[in-house]
Amino acid sequence: MVDLIIDDKDVTVEEGATILEAARSAGIDIPTLCYHERLSPIGSCRMCVVEIEGFPHPMTACTTPVTEGIKVTTNSERLVRMRKETLKLILVNHPLDCPVCDKGGECTLQDLVHDFEIDSGGYQIEKVDWEPVYSTPLIRYWPDRCIMCLRCVTACREIKGLGAIDIGGSGFGARIAVVDKDKCESCGECINVCPTGALTENLSRLKGRPWMVERVMTTCTYCGCGCQLEINVLDGKIIGITTKDDVGINKGSLCVKGRFGYEFIESEERLTRPLIKKDGKFHEASWNEALNLVAENFSTIKASHGADAIAGLSSARCTNEENYLMQKFMRAVIGTNNIDHCARL
Ligand code: FES
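Overview of the structure. (Residues numbered from 1 in each chain as written. Predicted model: local features only at pLDDT ≥ 70, side-chain atom pairs only at ≥ 80, totals over all residues. Heavy atoms only, no water.)

Right, let's get into the sheet that holds strand E3 (residues 49–52). Pairing in this open sheet of 5 strands is mixed, and the strands run E2-E1-E5-E3-E4 from one edge to the other. Of all strands in the sheet, those bounded by a partner on one side alone are strand E2 (9–13) and strand E4 (59–60). With 5 bridges connecting them, strand E1 (residues 2–6) and E2 associate as antiparallel partners. What sits directly across from Ile 6, in E2, is Lys 9. Relative to E3, helix H2 (residues 77–92) is tilted by about 155°, and along the sheet it contacts E3 and strand E5 (71–73). (Pairing = 2+ DSSP bridges. Helix = DSSP H or I, 4+ residues; strand = E, 2+ residues; numbered from the N terminus. Contact = heavy atoms within 4.5 Å. Axes fitted to C-alpha atoms, helices over the stretch in contact; angles between N-to-C directions.)

Quick look at the nonpolar core now. When a protein is soluble and globular, its nonpolar side chains tend to lie buried together. Core analysis: the biggest nonpolar cluster contains 32 residues, and Tyr 134, Ile 139, Ile 165, Ile 176, Cys 190 and Leu 199 have the highest contact counts within it. Those elements that provide at least two residues to this core are strand E6 (139–141), helix H4 (151–158), helix H5 (189–193), strand E11 (228–234) and strand E12 (237–242). Setting aside chain neighbours within four positions, we find Leu 199 in contact with Tyr 134, Ile 139, Arg 140, Tyr 141, Cys 152, Cys 190, Ile 191 and Cys 194. Counting residues in each nonpolar core, the second largest holds 22 residues, with Ile 6, Ala 22, Ala 23 and Tyr 35 among its members. (Core = buried A, V, L, I, M, F, W, Y, C linked by side-chain atoms within 4.5 Å. Buried < 20%, exposed > 50% of the residue type's maximum accessible area, 1.4 Å probe, protein only.)

We now examine unusual backbone geometry. Backbone geometry at Met 148 places phi at a positive 55°, although glycine is not the residue there. Following the sequence through the fold, Met 148 ends up in the loop between E6 and H4. Not every positive phi belongs to a glycine, and Asp 235 is a case in point at roughly 50°. By the secondary structure assignment, Asp 235 is in the loop between E11 and E12. On the accessibility criterion, Asp 235 (76% relative accessible area) is exposed.

Attention now goes to the environment of Lys 183. Position of Lys 183 relative to the elements: it lies in the loop between strand E8 (175–178) and H5. When the C-alpha positions of Lys 183 and Cys 156 are compared, they lie 9.8 Å apart, and in sequence the two are 27 residues distant. In this view, Lys 183 contacts Leu 162, Gly 163 and Ala 164; residues no more than four positions away in its chain are not counted.

Attention now moves to H2. Taking 1.5 Å of rise per residue, 16 residues should cover 22 Å, and H2 covers 23 Å from first to last C-alpha, within 8% of that figure. Here H2 has its buried residues at Leu 79, Arg 83, Thr 86, Leu 87, Ile 90 and Leu 91. Projected onto a plane normal to the axis of H2, the buried residues spread over an arc of 135° and lie on a single side. Residues of H2 that are exposed and point over 90 degrees away from its buried face: Glu 77, Arg 81 and Leu 89. On its buried side, H2 packs onto E3, E5 and helix H3 (108–115). (Expected span 1.5 Å × (residues − 1). Arc of directions from axis to C-beta.)

Enumeration according to the criterion identifies 8 salt bridges in this entry. For the salt bridge of Lys 244 with Glu 230, the shortest nitrogen-to-oxygen distance reads 2.7 Å. Taken together, the residues span a long stretch of sequence, with Lys 244 in the loop between E12 and helix H6 (256–260) and Glu 230 in strand E11 at a distance of 14 residues. Between Arg 273 and Glu 284 there is a salt bridge; the shortest N-O distance is 3.4 Å. With Arg 273 in the loop between H6 and strand E13 (275–278) and Glu 284 in strand E14 (residues 281–284), this pair connects stretches of sequence that are 11 residues apart. Given the relative accessible area of 42%, Arg 273 is considered partly exposed. (Salt bridge = Lys/Arg side-chain N within 4 Å of Asp/Glu carboxyl O.)

Have a look at this one:
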């Protein structure tokens, strides 16, 4: 264990912890922007600078490991001034289009600018028209809003193990670019970790502001993994899916289906009533008609060929209870052990 002092408070943490982790364990808040708990420290934004006694220059708390006996200051006048300058420099290149940005109201940059009471950018440069080089039908990249924190690049590599995106270009012209198009799964992990509105989804653009939606936590039904997600509901309709980094086995991650596959619910083409095929064409029927037909056919097959002529295939998209009922139905009602599940296919 390592003992250190942060803002006059004695703190003990395990060896290898960073100053940021030590501070957070003691309830001391250090502002961050590029840091994300699920990612290796990136150290690109410099919002988390702290002073360490005996060192002339501030250090980034998210990348600096603790050492025995150090005395850390997290909130001096000098540090606040430096953090304000950092934010102003980020704003040089960031459009103040918060009213039309999907991330407005849940943007880390917006919150920090507010917390540090920055009321003007301070620095001016000629406006650059960026070409969005990284976008998919589901993901939209806004290069002008990108603060190059590199969370998206790190998440793509470390959480998804894909490495589809990286820095393209250099210096002032550097932006996020696709380096291996075939590897992008449109899973939206990059959107999930983006602290600004630089990555947004194409499906639910401006359908509702974060504070207008009701977020209902539920289990994804696309497979048997049981990922936790929040359905964003506005006026009784699903307008998006979000996740919480500390909830469920998925810890905020989803696949492309879980994050974006919700539009079928309101689709005009969705089947909402049973269809019975007559003379080669489907006709709408009542549930009673449909169930009676299925029951009759099962009875006929069973009477003529035996119960083992029938098999049931259940689905990972069903709940445990539904799957239990399915096997019970096949065994106890139909009378066969021919029951299987799509997860084994
Ligand atoms: Fe530490 Fe960005 S949060 S450098």
